[in-house]
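Structural description and commentary
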Amino acid sequence: MSAALAGPDGALRCPWALSAEDYLAYHDQEWGRPVHGDDALYERLCLEAFQSGLSWITILRRREGFRAAFAGFGIAKVAAFTAEDEARLLADPGIIRNRAKIEATVANARVLADWAPGELDELIWSFAPDRAARPAPRTLADVPAVTDESTALSKALKKRGIRFVGPTTAYALMQACGLVDDHLADCVARRG
């Protein structure tokens, strides 16, 4: 069931936030908080794609390495990456060296570079469900892995040429960027 648990300060938190020291600050300060801006959302989209098939802690611990390797996730900068840059990334021990994910990250930047400023932000946030219609989860069992909205977001992004963004990745993006608040009902980090 996994209901909220007391953290080191005694406050109740989602159990996963207490499973590794690296998670606590991420849980309390970032996860589920609204993220706006094309580059910021591109970063989260890329990191969620890299996480596919791995644990989030693996990505979180390499986040600074990813930022350094991918020019701070500036869409225009990554869109200009060359074959030599992709070879450099495949040899970079500071990131996950998965060819398909690296190629998708660069290809996605090239697609997004042709979008109008704010278009990625607008598209992603158009799939935010009505908060009032979603009850706060009481346990981790109440938190879905996929929703109708994440499936629709995945389809919309794929239709526009974005790769490596299935419905589960899209839902993780929605959680990470605050489109949904899946902090448990009793969690100190839950927004009203």
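Please read these numbers as outputs of a predicted model, since none were measured by experiment.

Analysis parameters
- Residues numbered from 1 in each chain as written.
- Predicted model: local features only at pLDDT ≥ 70, side-chain atom pairs only at ≥ 80, totals over all residues.
- Heavy atoms only, no water.
- 1 Å grid on protein atoms, 1.4 Å probe; cavity = no way out; pocket = protein on both sides within 12 Å on 5 of 7 lines; lining within 4 Å.
- Points joined across faces, edges and corners; volume = space filled by probe spheres on them.
- Helix = DSSP H or I, 4+ residues; strand = E, 2+ residues; numbered from the N terminus.
- Nonpolar A, V, L, I, M, F, W, Y, C, P; charged D, E, K, R; others polar.
- Axes fitted to C-alpha atoms, helices over the stretch in contact; angles between N-to-C directions.
- Parallel < 35°, antiparallel > 145°, perpendicular 65-115°, else oblique.
- Contact = heavy atoms within 4.5 Å.
- UniProt positions renumbered as here; feature names shortened; annotations may be inferred.
- Buried < 20%, exposed > 50% of the residue type's maximum accessible area, 1.4 Å probe, protein only.
- Polar contact = N/O pair within 3.5 Å; in protein donor to acceptor, adjacent residues only side chain to side chain.

This part takes up the layout of surface pockets. Estimates place the volume of the largest pocket at around 390 Å³. When residues of the lining of the largest pocket are traced back to their parent elements, those giving at least two are helix H1 (21-29), helix H2 (38-51) and helix H10 (167-176). Sort the elements by how many residues they give to the lining of the largest pocket and H10 lands first, with 5 residues. Its residues assigned to classes, the lining of the largest pocket shows 12 nonpolar, 3 polar and 2 charged. If you add up the space inside the second largest pocket, you get close to 200 Å³.

Axis separation between helix H9 (residues 148-159) and H10 bottoms out at 8 Å; the angle between their running directions is 110°. By the criterion of interaxial angle, the relationship of H9 to H10 is roughly perpendicular. Contacts between H9 and H10 involve Glu 149, Ser 150, Thr 151, Leu 153 and Ser 154 from the former and Pro 167, Ala 170, Tyr 171, Leu 173 and Met 174 from the latter. Along the lines of polarity and charge, the residues of the contact of H9 with H10 split into 6 nonpolar, 3 polar and 1 charged.

Taken as a whole, this structure holds 1 cavity of 30 Å³ or more when the rule is applied. Approximately 30 Å³ is the volume found for the largest cavity. Forming the walls of the largest cavity are Leu 45, Cys 46, Ala 49, Lys 101, Ala 104, Thr 105, Asn 108, Arg 163 and Phe 164. The element that contributes the greatest number of residues to the lining of the largest cavity is helix H7 (residues 99-113), accounting for 4 residues. Taken together, the residues of the lining of the largest cavity sort by class into 5 nonpolar, 2 polar and 2 charged.

Summarizing the sequence annotation, UniProt attributes the feature "binding site: Zn(2+)" (unreviewed entry) to Cys 14, His 27, His 183 and Cys 187 in the numbering used throughout. In terms of the greatest pairwise C-alpha distance, the residues named above, spread along 174 residues, form a tight cluster of at most 10.2 Å across. Tracing the sequence through the fold places His 183 in the segment after H10. With relative accessibility at 0%, the residue His 183 sits in the buried group. Not counting the four nearest positions on each side in its chain, His 183 is found in contact with Cys 14, His 27, Trp 31, Gly 32, Arg 33, Pro 137, Ala 189 and Arg 190. Of the polar contacts made by the side chain of His 183, one reaches the side chain of His 27; its length is 3.1 Å. Inspection of the secondary structure assignment puts Cys 187 in the segment after H10.

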